[in-house]
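# Results of the structural survey
Spelled out, the chains give:
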Amino acid sequence: MEAFSYLSHLQCTRCNRTYGIDERVQTCSCGSPLLAQYDLQQAGKRLTKAHLRERPCSLWRYHELLPVRHSRFVVSMNESMTPLIPLPATGRHMDVPRLILKDEGTLPSGTFKARGASVGISKAMELGESSLAITTNGNAGAAWTLYAARAGINISVVMPIDAPMTSRKECALAGADLFVIHGTIADGGKLVQQLVAASDGYDVSTLKEPYRLEGKKTMGFEIAEQFEWSVPDVIVYPTGGGAGVIGIYKAFRELQELGWIDSRLPRLVVVQADGCAPLVRAFQKGERTCAAWENPETIAFGMRVPKALGDFLILDELYQTMGIAISVGDSEIVRERREIARRDGVHVCPEGAAALAGVRRLRQKGWIGDDETVLVMNTGSGLKYVDQLSAGGKEIDLQTRSAAQYHGV
Ligand SMILES: *Cc1c(COP(=O)(O)O)cnc(C)c1O
Ligand SMILES: [Zn+2]
């Protein structure tokens with residue numbers, strides 16, 4: 001029989017313990033994240049590249065490789081596939097002629113967090129959850145609140161008080177039970193645990209359940225499909241909790257197992273901010289996990305995560321793919337955001353600008369070669385962060401001078 005999903009079991013990333021797909025689980029009993037596993041042999045017999053071509057341009061086109069088993073539980077807003085945008089002018093300026101941006105800013109709520117929310121909420125509905133809770137730097141809260149509203153399920157959102165006001169307002173708009181704290185996303189995690197314990201709720205924070213990651217994974221599927229079942233040489237990701245990087249890597253592994261892409265993987269690049277770079281510090285020391293970063297500080301709030309629960313997975317993937325982790329300063333982020341808007345007309349978020357600044361650095365160091373294809377993930381729309389921009393404009397008094405006199409001012 002043709003299945004909607006070929007989900008087979010859940011597996012611990014550290015101790016390999018397995019769990020059944022109907023069990024209500026968060027992390028493994030050992031505390032590490034669980035990953036969803038599929039019967040890829042069966043899936044490969046049913047699903048072909050040709051099938052995909054006939055399907056709608058939505059992340060649900062990959063439903064056999066997503067965890068929701070019955071289509072009636074799917075909560076979707078017809079998310080588009082996000083566009084690949086070549087950046088010829090910025091690429092020339094950086095001496096990276098094959099520079100391409102994947103723009104996640106076109107998704108509902110304006111960030112890639114919509115992918116995790118669509119798949120995660122759908123699965124929560126299928127599992128019969130009635131109350132969700134999440135700690136977030138803002139964008140995940142915004143996306144999850146919107147999808148929760150659409151599904152008719154309650155959600156509590158905890159975010160730092162200095163998180164971007166835009167996402168806080170998005171949560172309030174769509175009816176989240178919103179808590180703001182004087183602390184980081186990690187401190188918020190402790191409050192979420194209390195909320196969940198008190199209300200028999202489900203913790204949907206990064207890697208606290210296995211399904212949100214599956215939504216992020218669709219970025220990798222899309223990249224491979226848009227590159228006609230090959231992969232770029234380098235993928236650059238602005239990294240906080242790391243679900244984006246882990247998801248993309250998982251996607252490529254599954255596609256390899258299906259035989260849809262060959263054994264060459266892109267070199268993964270993790271970009272963080274100088275003011276919060278726990279993964280970079282650990283990578284430079286060759287370590288397998290990272291220590292928590294004290295007093296994290298950056299304008300790229302999506303990357304302000306002092307310690308990722310999946311740190312060992314991210315670092316492993318960097319070592320496996322001959323990748324690298326580097327950090328950039330806030331002033332570089334601001335400059336790069338302006339550069340790309342003026343050169344190629346694309347308005348990226350600060351995190352996307354950080355990734356571009358990372359490319360510039362890596363090219364200067366020679367780590368990126370002459371003719372390599374470099375894919376940069378713009379994780380969100382720049383429009384969510386206009387408060388970081390200056391308004392500019394020359395004021396004209398039409399009472400005292402005619403408009404013609406101002407021509408060429
Ligand atoms: C969440 C977020 C990130 C970081 O993504 P992770 O998957 O947590 O590493 C980057 N950019 C934006 C805009 C985000 O919202
Ligand atoms: Zn375990």
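Our structure is the block above this text.
Overview of the structure. (Residues numbered from 1 in each chain as written. Chains lettered and ligands numbered in written order. Predicted model: local features only at pLDDT ≥ 70, side-chain atom pairs only at ≥ 80, totals over all residues. Heavy atoms only, no water.)

### Brief notes about the coordination of the zinc ion (ligand 2)
Taken together, Cys-12 (SG), Cys-15 (SG), Cys-28 (SG) and Cys-30 (SG) make up the full set of protein donors to the zinc ion (ligand 2), lying 2.3 Å away. Around the zinc ion (ligand 2), the 4 donor atoms sit at angles spanning 103 to 121 degrees, and that spread fits a shape best called tetrahedral. Each donor residue of the zinc ion (ligand 2) belongs to the same chain, and together they define the spacing C-x2-C-x12-C-x1-C. Placement of the pair is Cys-12 in strand 1 (residues 7-12) and Cys-30 in the loop between strand 2 (18-19) and strand 3 (34-38), with a sequence separation of 18 residues. Given the relative accessible area of 2%, Cys-12 is considered buried. By relative accessible area, which is 41% here, Cys-30 ends up partly exposed. (Donors = N, O, S within 2.8 Å, 3.2 Å for Na, K, Ca; no water. Tetrahedral: all angles 85-135°; square planar, octahedral: opposite > 155°, others 65-115°. Helix = DSSP H or I, 4+ residues; strand = E, 2+ residues; numbered from the N terminus. Buried < 20%, exposed > 50% of the residue type's maximum accessible area, 1.4 Å probe, protein only.)

### Considering helix 13 (residues 350-364)
In this model, helix 13 (15 residues) spans 21 Å end to end at C-alpha, consistent with the 21 Å of a helix rising 1.5 Å per residue. Of all 15 residues making up helix 13, 13 are buried, and the element is well covered by its neighbours. Backbone geometry just after helix 13 places Gly-366 at a positive phi near 85 degrees. (Expected span 1.5 Å × (residues − 1).)

### Observations regarding the site of ligand 1
In the vicinity of ligand 1, 13 residues are found, and the nearest of them are Lys-113, Gly-240, Gly-242, Gly-244 and Thr-379. In this structure, Lys-113 approaches ligand 1 through a side-chain N or O atom, which is 2.8 Å from an oxygen atom. Considered on its own, ligand 1 offers 390 Å² of accessible surface; in the complex 96% of this is hidden by protein. Looking at side-chain class alone, the shell around ligand 1 contains 3 nonpolar, 8 polar and 2 charged residues. (Near = heavy atom within 4 Å. Polar contact = N/O pair within 3.5 Å; in protein donor to acceptor, adjacent residues only side chain to side chain. Areas by Shrake-Rupley, 256 points an atom, 1.4 Å probe, with all protein chains shown as cover. Nonpolar A, V, L, I, M, F, W, Y, C, P; charged D, E, K, R; others polar.)

### Looking at the sheet that holds strand 1
The strand order across the open sheet built from 3 strands is 2-1-3, with neighbouring strands paired in antiparallel fashion. Each edge of the open sheet carries a strand with a single partner, namely strand 2 and strand 3. Across 2 bridges, the pairing between strand 1 and strand 2 is antiparallel. Bridging from a neighbouring strand, Gln-11 pairs with Thr-18 of strand 2. (Pairing = 2+ DSSP bridges.)

### Points about a nonpolar patch on the surface
A contiguous nonpolar patch, built from Leu-383, Val-386 and Leu-389 and spanning about 290 Å² of accessible area, is present on the exposed surface. Mapped onto the elements, Leu-389 comes out in the segment after strand 13 (373-378). Given the relative accessible area of 41%, Leu-389 is considered partly exposed. (Patch = residues over 30% accessible without salt bridge, like charges linked within 9 Å, V, L, I, M, F, W, Y side chains within 5 Å. Salt bridge = Lys/Arg side-chain N within 4 Å of Asp/Glu carboxyl O.)

### Structural notes on the pattern of salt bridges
Counted according to the given criterion, the structure contains 27 salt bridges. Between Asp-200 and Arg-24 there is a salt bridge, and its shortest N-O distance comes to 3.0 Å. Taken together, the residues Asp-200 in the loop between helix 7 (185-199) and strand 9 (202-203) and Arg-24 in the loop between strand 2 and strand 3 connect sequence positions 176 residues apart. In the salt-bridge network here, residues are joined through shared partners; they are Lys-102, Glu-104, Arg-115 and Glu-222.

### A few points about the packing of helix 4 (residues 113-126) against helix 8 (residues 212-226)
Contact geometry of helix 4 with helix 8 gives a least axis separation of 6 Å together with a crossing angle of 125 degrees. As far as their axial angle goes, helix 8 and helix 4 are oblique. For the pair helix 4 and helix 8, the crossing hand works out as right-handed. Between helix 4, through Lys-113, Arg-115, Gly-116, Val-119 and Gly-120, and helix 8, the contact on the second element is made entirely by Arg-212, Glu-214, Gly-215, Lys-216, Thr-218, Met-219 and Glu-222. Across the contact of helix 4 with helix 8, the residue classes tally to 2 nonpolar, 4 polar and 6 charged. (Axes fitted to C-alpha atoms, helices over the stretch in contact; angles between N-to-C directions. Parallel < 35°, antiparallel > 145°, perpendicular 65-115°, else oblique. Left-handed = near helix turned anticlockwise from the far one by under 90°. Contact = heavy atoms within 4.5 Å.)

### Focus on the sheet that holds strand 9
Strand order in the open sheet made by the 4 strands is 8-7-6-9, with parallel pairing throughout. A single partner strand is all that each edge strand has here, and the edge strands are strand 8 (177-181) and strand 9. Judged from the 2 bridges that link them, strand 6 (residues 131-135) and strand 9 form a sheet pairing that is parallel. Looking at the pairing, Ala-133 lines up with Asp-203 of strand 9. Taken strand by strand, helix 5 (residues 139-151) contacts strand 6 and strand 7 (154-160), and its axis lies near 170 degrees from that of strand 7.

### Side note on the side chain of Glu-214
Relative to the elements of secondary structure, Glu-214 occurs in helix 8. The class of Glu-214 is buried, set by a relative accessible area of 0%. Within the structure, the side chain of Glu-214 is placed 2.6 Å from the side chain of Tyr-38, a separation counted as a polar contact. Beyond its immediate sequence surroundings of up to four residues, Glu-214 is in contact with Ala-36, Tyr-38, Leu-65, Leu-66, Pro-67, Val-119 and Lys-250.

### Here's the deal with the environment of His-70
Residue placement: His-70 occurs in the loop between helix 2 (49-53) and strand 4 (84-86). In the structure, His-70 is positioned 65 residues away from Ser-5 in sequence and 7.6 Å away in space, judged by C-alpha atoms. In this structure His-70 touches Phe-4 and Glu-126, once residues within four positions along its chain are discounted.

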